[in-house]
Amino acid sequence: MAENTPTALVIGGGPAGLMAAERLGAAGLAVTIADAKPSMGRKFLMAGKSGLNLTKDEPFDDLMKAYGEAAPWLRPIIQSFDGLAVQNWARDLGQPLFTGTTGRVFPEAMKASPLLRAWLARLDEYNIVRQARWRWTGWDRDEAVFETPDGVAKMHADVTVLALGGASWARLGSDGAWADILRADGVDLAAFAPANAGIFVKWSAHMRPVFGQPLKGVRFSAGPWASRGEAVLSERGLEGGGIYSVSRGVRDGADLEIDLFPDRTLQELTARLSRPRGKASLSNHLRKTLKLDGVRMALLNELARPLPQSPEALAQCLKALPVKDATLRPMDEAISTAGGVCRSALTDDLMLSARPGVFVAGEMLDWEAPTGGYLITACLATGRWAGEAAAHWARRHVV
Ligand SMILES: Cc1cc2nc3c(=O)[nH]c(=O)nc-3n(C[C@H](O)[C@H](O)[C@H](O)COP(=O)(O)OP(=O)(O)OC[C@H]3O[C@@H](n4cnc5c(N)ncnc54)[C@H](O)[C@@H]3O)c2cc1C
């Protein structure tokens, strides 16, 4: 290494950290990536287990709506590495992609391992060293301190990018323990909260026969959030993309409701239910007039018993079935977390005002988004932004 080569430390080897390292490496810095776990990208690999949704193929303004309150400050960052750029980057790593009917983009392999392998091989072409099992525990003045298998290690770098993830799935590395270190530095932090979480419902024993079955073709809503996606019923409650995207409403205290017939109006349902019933039981009447399947019938009985007899009241139940006492599953099970480093603690370059030369990227920043590829897209974009800004900073400040 030339004597005056600037040095960079990236702490956290998830998608945000690896992208920051890629940009720092490409800019010619000598980079060390340190991660607490025995290998990099464990959550990224887990994301690939259910089909790695890399990004969303949709107009940029639509994409940005997913980031809610954080959209104004994330906008230039994601504009510089948008959904199309994510796709080009993945293809450039030799990963063929496909776009599903809803615009979600996946690698053809569906999983994350081939992409991660190709990405790490690219990083190996730069001046980048990877240190696994290095747990960052804080600072000793301007040195980062790590617990390593060989004892405590301290490292100084000209610039540092923190990409330590959120506070869910701690066993994959992102335990949120970094928050105490940054708080001690006076960095503004928003409290962590589960985002894209499953819903806990205390079902009665009557629901057991439908556990494991998908609930399709319904509409979930909670406060301003609504979704037509799917969910799976289980002993633990409701899980899956359809429910994750409305979990924010439940988190904010809104009631969860299910529309069992989102494509029929209240009037249509009432008219069908008003047909002569004869001697048929109410269940048979519902089956005949509305083709109510077993899963939806079980839910109706579970959540609306005793069922109203009048067609109008019954139709109302079908259109807005209240899921009483729904609460979020524990934060550690959530797909992602809200909260983290506040925008107010950062410069436009994503540098910590409290620690010049230290940049922040990925889920540890205070933004949230629904599933649909928006999470990885913002992690990659902020990682890239922080990595490039850190490289510029090093060039300007290191002689
Ligand atoms: C089951 C599941 C499915 C998902 N599916 C998708 C999907 O399809 N599409 C999508 O967009 N998103 C998905 N996500 C979310 C996505 O995986 C995360 O948002 C993303 O991985 C966050 O990237 P990151 O780099 O910010 O943090 P992480 O990927 O969490 O990486 C942070 C890294 O920092 C390391 N670290 C933490 N603390 C320390 C420390 N003190 N010292 C050293 N290292 C440390 C960790 O070991 C970890 O490797 C899914 C998540 C889960 C759990």
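**Student:** For the nonpolar core, give the residues involved together with the corresponding values.
**Tutor:** Residues Leu-24, Tyr-67, Trp-119, Trp-136, Val-341 and Trp-367 are the most contacted members of the largest nonpolar core, which totals 89 residues. Here this core gets 13 residues from one element, more than from any other, and that element is helix 14 (residues 374-397). Not counting the four nearest positions on each side in its chain, Val-341 is found in contact with Trp-178, Leu-182, Val-187, Asp-188, Leu-189, Leu-346, Leu-352, Val-360, Met-364, Leu-365 and Asp-366. With 44 residues, the next largest nonpolar core counts Trp-203, Ala-222, Leu-260 and Val-323 among its residues.

**Student:** If you had to explain unusual backbone geometry to someone new, which residues and values would you point to?
**Tutor:** For residues other than glycine, phi is negative in most cases, and the peptide bonds are mostly trans. For the peptide bond that leads from Arg-305 to Pro-306, omega is -10°, which places it in the cis range. Here Arg-133, not a glycine, exhibits a phi torsion of approximately 60°, which is positive. Along the polypeptide, Arg-133 turns up in the loop between strand 6 (128-131) and strand 7 (135-140). Even without a glycine there, the phi angle at Asp-325 is positive, about 55°. Following the sequence through the fold, Asp-325 ends up in the loop between strand 19 (321-323) and strand 20 (327-328). The class for Asp-325 is exposed, based on a relative accessible area of 71%.

**Student:** An account of the pairing of strand 18 (residues 256-259) is needed here, citing residue identities and associated values.
**Tutor:** Bridging between strand 14 (residues 219-222) and strand 18 involves four bridges; their strand directions are antiparallel. Bridged to Phe-220 within strand 18 is Ile-258. Bridge count between strand 18 and strand 19: three bridges; the pairing is antiparallel. Bridge assignment links Ile-258 to a residue of strand 19, and that residue is Leu-321.

**Student:** I'd like a rundown of the domain arrangement of the protein, residues and numbers included.
**Tutor:** Here the domain parsing of the protein yields domain 1 (7-194 + 337-397) and domain 2 (199-328). Taken over C-alpha atoms, the centre of domain 1 sits 39 Å from the centre of domain 2. Facing seven residues of domain 1, the contacting portion of domain 2 comprises six residues. Carbon and sulfur atoms make up 48% of the area that domain 1 and domain 2 hide from each other, which totals about 490 Å². The largest per-residue losses of area from domain 1 upon contact with domain 2 belong to Pro-194, Glu-368 and Thr-371, which jointly make up 67% of the total buried on that side. At the surface where domain 1 touches domain 2, the tally comes to three salt bridges. Across the pair Arg-251 and Glu-368 runs a salt bridge whose closest N-O atoms are separated by 2.8 Å.

Criteria and cut-off values
- All residue numbers refer to positions counted from 1 along the written sequence of the respective chain.
- Note on the predicted model: pLDDT of at least 70 is required for a residue's local features to be given, and 80 or more for side-chain atom pairs to be given and counted; whole-chain, interface and lining totals, by contrast, use all residues.
- Hydrogens and water molecules were not included; the side-chain quantities draw on all heavy atoms of the structure.
- To qualify as a nonpolar core, a set must consist of buried Ala, Val, Leu, Ile, Met, Phe, Trp, Tyr and Cys residues joined through side-chain atoms within 4.5 Å.
- A 1.4 Å probe rolled over the protein chains alone gives each residue an accessible area, and that area as a share of the maximum for its type sets the label: buried under 20%, exposed over 50%, partly exposed in between.
- Only DSSP runs of H or I covering at least 4 residues are called helices, and only runs of E covering at least 2 are called strands; the numbering of each starts at the N terminus.
- Here, two residues are considered to be in contact whenever any of their heavy atoms come within 4.5 Å of each other.
- Being paired, for any two strands, means DSSP has found at least two bridges between them.
- Here the limits of each domain have been adopted from an automatic or database domain assignment.
- The term buried area means the drop in 1.4 Å probe accessible area that two parts suffer when joined, counted for both and summed.
- A pair is scored as a salt bridge if a Lys or Arg side-chain nitrogen falls within 4 Å of a carboxyl oxygen belonging to Asp or Glu.

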